[in-house]
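# A closer look at the structure
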Amino acid sequence: MEKITVLPRHVAFILDGNGRWAAQRGLTRLEGHRAGVENIRPIIRCLSKHKVEYVTLYAFSTENWNRPHDEVNGIFKLLEEVIGKETRELHKNGVKIRHIGRLEELPAGVQKSIKESVKLTQNNTGMTLGVAINYGGRGEILDAVRRITSDKVLSGNIDEDLFNKYLYTAGFPDVDLMIRTSGEMRTSNFLIWQSAYSEYYFTPVLWPDFNEEELEKALLAYSQRQRRFGGL
């Protein structure tokens, strides 16, 4: 078996395919989302084993509000439940949780779960886990511009380093490896500033079936690429 020689510092995931996974098994879409959530734990464990420092998960986009009302409510109930259940285990393993997105637009119960998880883990020094809930890349950039304007920052003082500090992901390094499951070949408004020089890995495997073996394939593919960042 080929060895993984270079590891990414920051891996981001577009968790796609829960609905199709459920449909293939005659299950409801919400049962598919639950299976997808259950799959996060072993993937985080594997990434932690490889000493990956930052992981960001695209859990709910600003566009996902357009889905059927019952599905959206079901997703939020699931997120509230899972965040509460998983936080203590993540905390025990030294994981720091960060919310990425517009918190104030979320249901009160989800907001409470997120705030509690962030507060409990804020001083941890292990992996940083970004959970993107109610997130959109264009919205993030617009929110950063609004905050810069509100702070009356002089135009001559605005550079990439300063702009990064106004993003939801302030303190995160740029994304090294972006993984999307389910065969779709687009990035869906996810971390569009942070992924300017990311390596992309697209797989037909549906997210609930994306196991440790599939993750190892993605990490191996990343380690075999040459990143030039516009140079030679």
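The sections below set out a description of the structure shown in this document. (Residues numbered from 1 in each chain as written. Predicted model: local features only at pLDDT ≥ 70, side-chain atom pairs only at ≥ 80, totals over all residues. Heavy atoms only, no water.)

### Here we look at the sheet that holds strand β5 (residues 177–180)
Read across the sheet, 6 strands follow the order β3-β4-β2-β1-β5-β6 without closing on themselves; strand pairing throughout is parallel. Looking along the sheet, the strands with just one partner apiece sit at the ends: β3 (96–100) and β6 (199–202). Strand after strand, the sheet turns through a mean of 20 degrees between neighbouring axes, direction not considered. In this sheet, strand β4 (residues 128–135) lies alongside β3 in parallel orientation, the contact comprising 5 bridges. Each residue of the ladder has a partner; that of R98, found in β4, is G130. (Pairing = 2+ DSSP bridges. Helix = DSSP H or I, 4+ residues; strand = E, 2+ residues; numbered from the N terminus. Axes fitted to C-alpha atoms, helices over the stretch in contact; angles between N-to-C directions.)

### Comments concerning the environment of K92
On the secondary structure map, K92 appears in helix α4 (residues 69–92). In this structure K92 comes out as exposed when scored by relative accessible area, which is 63%. (Buried < 20%, exposed > 50% of the residue type's maximum accessible area, 1.4 Å probe, protein only.)

### Notes on the side chain of S223
Relative to the assigned elements, S223 resides in helix α8 (residues 212–223). Those residues in contact with S223 that lie beyond four places of it in its chain are K3, I4, T5 and V6. (Contact = heavy atoms within 4.5 Å.)

### Section: helix α2 (residues 29–38)
Regarding α2, the residues found buried are G32, H33, A35, G36 and V37. Turning to α2, the residues buried within the fold contact α1 (18–24), α3 (40–49) and α4.

### Brief notes about a negative patch on the surface
On the surface, D159, E160, D161 and D174 cluster together into a patch of negative charge. Considering the arrangement of structural elements, one finds D159 in the loop between α6 (137–150) and α7 (160–165). Classification of D159 by relative accessible area gives partly exposed; the value is 44%. (Patch = residues over 30% accessible without salt bridge, like charges linked within 9 Å, V, L, I, M, F, W, Y side chains within 5 Å. Areas by Shrake-Rupley, 256 points an atom, 1.4 Å probe, with all protein chains shown as cover. Salt bridge = Lys/Arg side-chain N within 4 Å of Asp/Glu carboxyl O. Lys, Arg positive; Asp, Glu negative; His and termini not counted. Charge placed at Lys NZ, Arg CZ, Asp CG, Glu CD.)

### Side note on the packing of α4 against helix α5 (residues 108–121)
Where α4 meets α5, the axes come as close as 9 Å, and the angle between the chain directions of the two elements is 10 degrees. If you check the angle between α4 and α5, you find them roughly parallel. Judged by the sense of rotation from one axis to the other, the crossing of α4 with α5 is left-handed. Packed against α4, whose contacting residues are F76, E80, I83, T87, R88 and H91, the element α5 presents G109, V110, S113, I114, S117, L120 and T121 at the interface. Tallied by class, residues from the contact of α4 with α5 come to 5 nonpolar, 6 polar and 2 charged. (Parallel < 35°, antiparallel > 145°, perpendicular 65-115°, else oblique. Left-handed = near helix turned anticlockwise from the far one by under 90°. Nonpolar A, V, L, I, M, F, W, Y, C, P; charged D, E, K, R; others polar.)

### A few points about the side chain of N134
Relative to the helices and strands, N134 is located in strand β4. The buried category is assigned to N134, whose relative accessible area is 1%. At 2.8 Å, the side chain of N134 forms a polar contact with the side chain of W65. (Polar contact = N/O pair within 3.5 Å; in protein donor to acceptor, adjacent residues only side chain to side chain.)

### A word on the packing of α3 against α8
As a packed pair, α3 and α8 sit with axes 10 Å apart at the nearest point and diverge in direction by 45 degrees. Taken together, the axes of α3 and α8 are oblique relative to one another. In this structure, α3 crosses over α8, and the sense of that crossing is right-handed. Contact with α3, carried on its side by I43, C46, L47 and K49, involves E212, L215 and E216 of α8 and no other residues of that element. Residues of the contact of α3 with α8, tallied by class, amount to 4 nonpolar, no polar and 3 charged.

### Quick look at the pattern of salt bridges
The full count for this structure, using the stated rule, is 22 salt bridges. A salt bridge links E89 to K92; its shortest N-O distance comes to 3.5 Å. Of this pair, E89 and K92 both sit in helix α4, 3 residues apart, roughly one helical turn. Because the salt bridges share partners, they merge into one network encompassing D16, R20, R180, E184 and R186.

### Considering the packing of aromatic side chains
For any two aromatic rings, the description comes down to two numbers: the centre-to-centre distance and the angle of the planes. Scanning the entire structure with this criterion turns up 13 aromatic pairs. Seen from their ring centres, F13 and F210 are 6.3 Å apart, and the 70 degrees between their planes marks the pair as edge-to-face. Taken together, the residues F13 in strand β1 (residues 10–14) and F210 in the loop between β6 and α8 connect sequence positions 197 residues apart. Exposure class is identical for F13 and F210. Each is buried. Aromatic side chains Y58 and F190 sit 4.1 Å apart centroid to centroid with 10 degrees between the ring planes, which places their arrangement in the stacked category. (Phe/Tyr/Trp six-rings, centres within 6.5 Å; stacked < 30°, edge-to-face > 60°.)

Everything listed is a geometric property; what it means functionally is a separate question.
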